[in-house]
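# Coordinate analysis (summary)
In case you want the letters, here they are:
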Amino acid sequence: MGRRCHFALITSMFHRYQGLVSHRDGTMYWWIEIPGDGGQLRFKSNTSPQSILLAATPHLVKDEWVHMAFSHDAAAKHGVACLNGQEKIAGSWSLPTGNFATYRTGIGVVNCADGLGTFNGALDEVMIFQSPLTAAEVQDAMDGFDEPVATQPNPADGKTYVPADVTLGWTSNGVSPMHNVYLGTSFDGLARVAQGLTETTFQPAEPLEYGTTHFWRIDEVNGAPDNTVFAGDVWIFTTEPFSYPIAGVTATASSYAAGMGPEKAVDGSGLTGDLHSNDNTHMCLTSPSGSQPAWIQFQFDKVYKLDQMWVWNSNQGVEPFVGFGVKDVAIEYSPDGETWRALAGVPEFTQAAGTNNYAHSTAVDFGGVEAKYVKLTVNSNWGMLKQYGLSEVRFLYVPVQARLPQPAVAATGVSLSDLDRRHDDSGDRLDCRVHERPVRRADHPARGRPVDALGVQQRQDAPLLPGRTVLGHAPELDGQRS
Ligand SMILES: [Ca+2]
């Protein structure tokens, strides 16, 4: 069902009267109808003073959707009838005098008391506003109508590097007293994680998964009697990664072949979107005449709490035949270059295929040890020659101090802009967010929001003036009598 209102599809013109909306229980108060000869619009009251606003020229076509609006200014005793947003007739029109507050409002009928004047066709949506609309407001209503949903998500929609222990926040629609929270890791995988909240914040019981895009939604919930739920937009944010790459790593080696120094393993050479080339000049390789065992040592600008080391092994085109790639290696680490400890559980380094666009094929887990220096001593490679190569290594560290201050301050040494740039450069999965999201208009005036939902056809309601705002929808109604 669309968000447009007042749309009607008339499937038959052969009935004497067809009611669109009425406030009449036997005694006539006011109603909107299509009179007997069809194609006309009529806004009418029959109790003194009788008032009829009739667009006499046939305007309606069978089986064609139209938008109809009737507006009444009680103070000016003036009525306007619009068809598809265009004024068709305007003139004097008054509500009858008396008390009609107990009368029911009907949709798709002229008389709620006996069902007289059933509408033959379909009504997409019916709205009654509490004040007379201008022509511009009628056209605005035709274009669509905002539901009173939650807004201003925090974290902002699309935000990245959100702390895993985030507290979600939003702005209520100003009407609904309760809020339900839905959260998940896919657009279609939302699960309700909180219900009936009266506050506009929520912190998940457990920290969220690191480096993951999360989807969430707030439903605004009315209390009794209508208990209407206004399902909100789906928003997204991405949590910070568990660990971050260390920048500015320097390297030294036991030896190196010409043009293939150890710096080639830490300078990003040959990497495009985390995929390495098979160009020799983008890799390091020890000299055939160098001392043995071969080693390569890495140094950081300070001590880090190490999470992982990613390895792009030697990846020359001849690798499958020559096997320069490191295979068995011992790793030691040190916080000061003097006290060294051996890293346990070092895996065998996987051999590369020697082809372009090579993703790192080995990850060494450091388990959070603190180090400023890491040394690899090579025990064997994937071939027979005493030369050992690497394409690239990347060290990932776990932040141990506040790193996402709000507002950001330079003193932390980690700027958001740096993080964002690195994030973009890596082209990793966090930027791959493609999904459909409902689009809402945010500029619609708050006036005339529907706060009360009708059922299908008839219910008791307050009179139009001083009116309440009601929103209703009638499915196709079969004409059973004329
Ligand atoms: Ca490289």
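Each chain has its residues counted from 1, following the order in which its sequence is written. Residue-level local features of this predicted model are given only where pLDDT is at least 70; pairs of side-chain atoms are given and counted only at 80 or more, and the full residue set underlies all totals for whole chains, interfaces and linings. With hydrogens and water stripped out, all remaining heavy atoms of the structure feed into the side-chain values.

### Topic: the sheet that holds strand S13 (residues 168–171)
Following DSSP output, two strands are said to pair if at least two bridges run between them. Helix and strand labels come from DSSP, where a helix needs a run of H or I of at least four residues and a strand needs a run of E of at least two; each type is numbered from the N terminus. The antiparallel open sheet is built from 3 strands, whose spatial order is S11-S13-S16. Both edges of this open sheet fall to strand S11 (151–154) and strand S16 (201–202), since each of them pairs with a single strand only. Pairing of S11 with S13 involves 2 bridges; the strand directions are antiparallel. Residue pairing in the sheet places Asn154 in a bridge with Gly169 of S13.

### A few points about the packing of aromatic side chains
Any pair of Phe, Tyr and Trp rings, taking the six-membered ring for Trp, is counted once the centres come within 6.5 Å. Such a pair is stacked with planes under 30 degrees apart, edge-to-face with planes over 60 apart, and tilted for the rest. Counting across every chain of the model gives 18 aromatic pairs. Among the aromatic side chains, those forming a connected cluster through ring pairs are Tyr161, Tyr244, Phe298, Phe300, Tyr304, Phe366, Phe395 and Tyr397. Any Lys NZ or Arg CZ that is within 6 Å of a ring centre and within 35 degrees of that ring's normal is treated as a charge sitting over the ring. It is Lys327 that lies over the ring of Trp382; its NZ or CZ is 4.6 Å from the centre. It is Lys375 that lies over the ring of Trp295; its NZ or CZ is 4.9 Å from the centre.

### Here we look at the pairing of strand S25 (residues 326–334)
Taken together, the 8 bridges between S25 and strand S29 (residues 370–381) define a ladder with antiparallel strand orientation. Residue pairing across strands places Ser334 opposite Tyr373, the latter belonging to S29. As judged from the 2 bridges shared by S25 and strand S26 (residues 341–342), these two strands associate in the antiparallel manner. Residue pairing for S26: Glu332 is matched across the bridge by Ala342.

### Considering the coordination of the calcium ion
Within the protein, the calcium ion binds to Lys264 (O), Ser269 (O), Ser269 (OG), His276 (NE2), His282 (O), Ser391 (O) and Glu392 (OE); these donor distances fall in the range 2.3 to 2.7 Å. For Na, K and Ca the donor cutoff is 3.2 Å, while for all other metals N, O and S atoms count as donors only within 2.8 Å; water does not appear among the atoms, so some sites may look incomplete. The sequence pattern describing where the donors of the calcium ion fall on their chain is K-x4-S-x6-H-x5-H-x108-S-E. Residue classification places His276 among the buried residues on the basis of a relative accessible area of 0%. When accessible area is computed with a 1.4 Å probe and restricted to protein chains, residues below 20% of their type maximum are described as buried, those above 50% as exposed, and intermediate ones as partly exposed. Overall, His282 belongs to the partly exposed group, its relative accessible area being 23%.

### Quick look at the nonpolar core
Nonpolar side chains in soluble globular proteins tend to be buried together. By size, the foremost hydrophobic cluster in this structure holds 34 residues, and its most contacted members are Met309, Phe366 and Leu376. Those elements that provide at least two residues to this core are strand S24 (295–313), S25, S29 and strand S30 (389–397). For this core, the leading source of residues is S24, giving 7 residues. Residues Trp30, Val66, Leu95 and Phe119 belong to the second largest nonpolar core, which totals 25 residues. For our purposes a nonpolar core is just a set of buried Ala, Val, Leu, Ile, Met, Phe, Trp, Tyr and Cys residues, chained together by side-chain atoms within 4.5 Å.

### Some points on the sheet that holds strand S27 (residues 358–359)
What holds strands together in a sheet is hydrogen bonding between their backbones, with the strands either parallel or antiparallel. Spatial ordering of the open sheet is given by S21-S22-S27, a layout of 3 strands whose pairing is antiparallel. If you trace the sheet from one side to the other, it starts and ends with strand S21 (271–272) and S27, each paired once. Inspection of the sheet shows strand S22 (residues 275–276) paired to S27 by 2 bridges, in the antiparallel sense. Looking at S27, one finds that His276 is bridged to Tyr358.

### A few points about unusual backbone geometry
Here the amide bond leading from Asn154 into Pro155 is cis, since omega sits at 10°, within 30 degrees of zero. Here Pro155 shows up in the loop between S11 and strand S12 (159–162). Here Ala224 and Pro225 are connected by a cis peptide whose omega angle stands at 10°. Its place among the elements puts Pro225 in the loop between strand S17 (213–221) and strand S18 (229–239).

### Looking at the confidence of the model for the chain
Detail in the predicted coordinates should be disregarded across regions flagged by low pLDDT. Along the chain, pLDDT gives the predictor's confidence residue by residue, from 0 to 100. With 78% of its residues at a pLDDT of 70 or more, the chain has an overall mean of 79. Contacts were defined at the residue level, with two residues in contact if any of their heavy atoms lie within 4.5 Å. In the model, residues 402–482 has pLDDT below 50 throughout and makes 180 contacts with residues more than four positions away in sequence or in other chains.

### Considerations on the side chain of Arg42
Here Arg42 is to be found in strand S4 (residues 41–45). Since its relative accessible area comes to 12%, Arg42 is described here as buried. N or O atoms within 3.5 Å of each other form a polar contact, as long as, within protein, one can give a hydrogen and the other can take it, and as long as residues adjacent in sequence are counted only when both atoms are side-chain atoms. At a separation of 2.6 Å, a polar atom in the side chain of Arg42 contacts the side chain of Glu33. Every residue in contact with Arg42, bar those within four places of it in the chain, is listed here: Tyr17, Trp31, Ile32, Glu33, Pro35, Ile52, Leu53, Leu54 and Phe70.

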